[in-house]
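Here's the letter readout for the chains.
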Amino acid sequence: MSETPENPVRVWRNVRLATFAPGLAGLGAVEKGALAIRDGRIAFAGAEADLPAAALRGAETIDGEGRWITPGLIDCHTHLVWAGDRAHEFELRLRGASYEEVARAGGGIVSSVGALRRASEDELVRQTLPRLDALVAEGVTTLEVKSGYGLDLPSERKALRAARRLAELRPVSIRTTFLGAHALPPEAGGDKDRYIAEVADTMLPALAADHLVDAVDAFCEGIAFSPGQVARVFDRARSLGLPVKLHADQLSNLGGAALAARYDALSADHLEHTDEAGAAAMARSGTVAVLLPGAYYFIRETKLPPVELFRRHGVPMAVATDANPGTSPLTSLLLATNMAATLFRLTVDECLAGVTREAARALGILSEVGTLEPGKRADLAVWSVERPAELVYRMGFNPLHARIRAVS
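Model, not experiment: these values are computed from the prediction.

**What about the environment of Ala206?**
Among the structural elements, Ala206 can be located in helix α6 (residues 192-209). Taking C-alpha positions, Ala206 is 9.0 Å from Arg157, a pair spaced 49 residues apart along the chain.

This is the structure we're talking about:
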């Protein structure tokens, strides 16, 4: 069930709340709770005994029958707009080829570039909607969509425009991230510096002028771009007033986490090879560690991200699907939480905060969504579960009762 509240006042009673509010332990749970929505915003979230009588006047009242309400889920790292598939690469990896070997043989990211360039904007939207619908059906109300499969200005613009159109066709909020520094296109002739100059000096300013960019990302890795090349893109992003994010330390430690922290990045993502210096730098800058267990599982990685380091240094951790055609064709955020718990040993509280509060922090929108607090947008998920741990524990089971995305 997905809905948008049309009544100016709606009150859920007899519910249990996982508020994730700051200052409260764990989930910020409230038993015997109530939640009031007014004009698309949360007006009250707390114990039903404390619900002001004024909140009920003229309100539509709903008996939640003891269900749990969480903030709407947030998938803070996806590459959702792509064309075609890369199932053949999956077969190659099953035969023993590594991620790097597939990429160097002409597969990987570049193999998606031709398909996206050939597809029209309408075709990209058509192919993406089923993937989006799968996420929405599990309570996702906000997600990030990265570009990076176009690698030239017209194709990157087309992908970002397709991503923005998704929010016109489904009740979901979309944050668009420009990832021009994702891979080297074939026509670059191996000249990474020249291509990075094009990304920084031509593509990024043009797309920012088109109001298509909410953040800027890059892939800092041996098979992608060096820290110096990434810094050139980030310097331009900073000059345009745009926040940055970074694919960092996935396959090796090039100091990506520290680089992201130096630019006060919203997030650094993957992080399997991050060291203590990188974790400490992220803690100082407030950069969120976005963990992507789908990619870890799919490419059969063996190096775990340093979760204990992140805990020790107080680095906030988010969890996302990394939905993409090559290394994480995953469109279930609930399954991503199970993978994060099983593979990375995150707690239930960390997993659920990772797809609500910390995911919002990773997108720079925590002031609007991610917790159940008065004044925030009333993006909610209502669950038919006895305890929130069920959301992480179950695999292939969707207990969503209602998904509410407010229109304010």
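**Re the domain arrangement of the chain**
Accessible area lost on assembly of the parts is the figure often given for the size of an interface. According to the domain assignment, the chain contains domain 1 (10-71 + 372-404) and domain 2 (73-363). Using only C-alpha atoms to locate each centre, domain 1 and domain 2 end up separated by 31 Å. Taken together, the contact pairs 23 residues of domain 1 with 23 residues of domain 2. Buried surface at the junction of domain 1 and domain 2, both sides included, amounts to about 1,700 Å², of which 61% is carbon and sulfur. The three residues of domain 1 that bury the most area against domain 2 are Phe20, Val392 and Arg403, which together make up 40% of that side's buried surface. Linking domain 1 with domain 2 are 0 salt bridges. There are 8 residue pairs in polar contact (both at pLDDT 80 or more) connecting domain 1 and domain 2. Breaking the side of domain 1 that touches domain 2 down by element, the ones donating at least two residues are β6 (68-71), β15 (379-383), α15 (389-393) and β16 (400-405). When its residues are assigned to classes, the side of domain 1 that touches domain 2 shows 16 nonpolar, 3 polar and 4 charged.

**A few points about the UniProt feature "binding site: Zn(2+)" (unreviewed entry) in the chain**
UniProt's feature table lists "binding site: Zn(2+)" (unreviewed entry) at His77, His79, His247 and Asp322, given in the numbering used throughout. The largest pairwise C-alpha distance within this set of annotated residues, which runs over 246 residues, is 12.2 Å, so the set is compact in three dimensions. Mapping His247 onto the fold places it in strand β11 (residues 245-248). Ignoring sequence-local partners within four residues, the contact set of His247 consists of His77, His79, Lys146, Leu179, Asp217, Ala218, Phe219, Cys220, Asp269 and His270. One polar contact links His247 to His77, side chain to side chain, over a distance of 3.3 Å. On the basis of relative accessibility, which here comes to 2%, the residue Asp322 falls in the buried class. With sequence-adjacent residues up to four places away left out, Asp322 is seen in contact with His77, Thr78, His79, His270, Leu292, Ala295, Thr327 and Ser328.

**As for the UniProt feature "binding site: Fe(3+)" (unreviewed entry) in the chain**
Under the local residue numbering, the UniProt record ascribes the feature "binding site: Fe(3+)" (unreviewed entry) to His77, His79, His247 and Asp322. Its location among the elements puts His79 in the loop between β7 (73-75) and α1 (87-94). The buried category is assigned to His79, whose relative accessible area is 2%. Other than its neighbours up to four places away in sequence, His79 contacts Lys146, Ser147, Tyr149, Leu179, His182, His247, Asp322, Ala323 and Asn324. A distance of 3.1 Å separates a polar atom in the side chain of His79 from a polar atom in the side chain of His77. Here Asp322 lies in the loop between β14 (317-319) and α12 (333-344).

**Quick look at the side chain of His182**
When you line up the elements, His182 lands in the loop between β9 (173-181) and α6. Polar side-chain contacts of His182 include one of 2.9 Å to the backbone oxygen of Gly148.

**So, the packing of aromatic side chains**
One pass over the structure, following the stated rule, counts 4 aromatic pairs. Arranged with centres 5.4 Å apart and planes meeting at 75°, the rings of Phe234 and Tyr263 form a pair that is edge-to-face. Of this pair, Phe234 sits in helix α7 (residues 227-239) while Tyr263 sits in the loop between α8 (256-262) and β12 (267-270), and the two are 29 residues apart along the sequence. Take Phe234 and Tyr263: they sit in the same class, and that class is buried. An angle of 80° between the planes, with centres 5.2 Å apart, marks the rings of Tyr296 and Phe344 as edge-to-face.

Each value, and the rule that gives it
- Residues numbered from 1 in each chain as written.
- Predicted model: local features only at pLDDT ≥ 70, side-chain atom pairs only at ≥ 80, totals over all residues.
- Heavy atoms only, no water.
- Helix = DSSP H or I, 4+ residues; strand = E, 2+ residues; numbered from the N terminus.
- Domains from an automatic or database assignment.
- Contact = heavy atoms within 4.5 Å.
- Buried area = accessible area lost by both parts, 1.4 Å probe.
- Salt bridge = Lys/Arg side-chain N within 4 Å of Asp/Glu carboxyl O.
- Polar contact = N/O pair within 3.5 Å; in protein donor to acceptor, adjacent residues only side chain to side chain.
- Nonpolar A, V, L, I, M, F, W, Y, C, P; charged D, E, K, R; others polar.
- UniProt positions renumbered as here; feature names shortened; annotations may be inferred.
- Buried < 20%, exposed > 50% of the residue type's maximum accessible area, 1.4 Å probe, protein only.
- Phe/Tyr/Trp six-rings, centres within 6.5 Å; stacked < 30°, edge-to-face > 60°.

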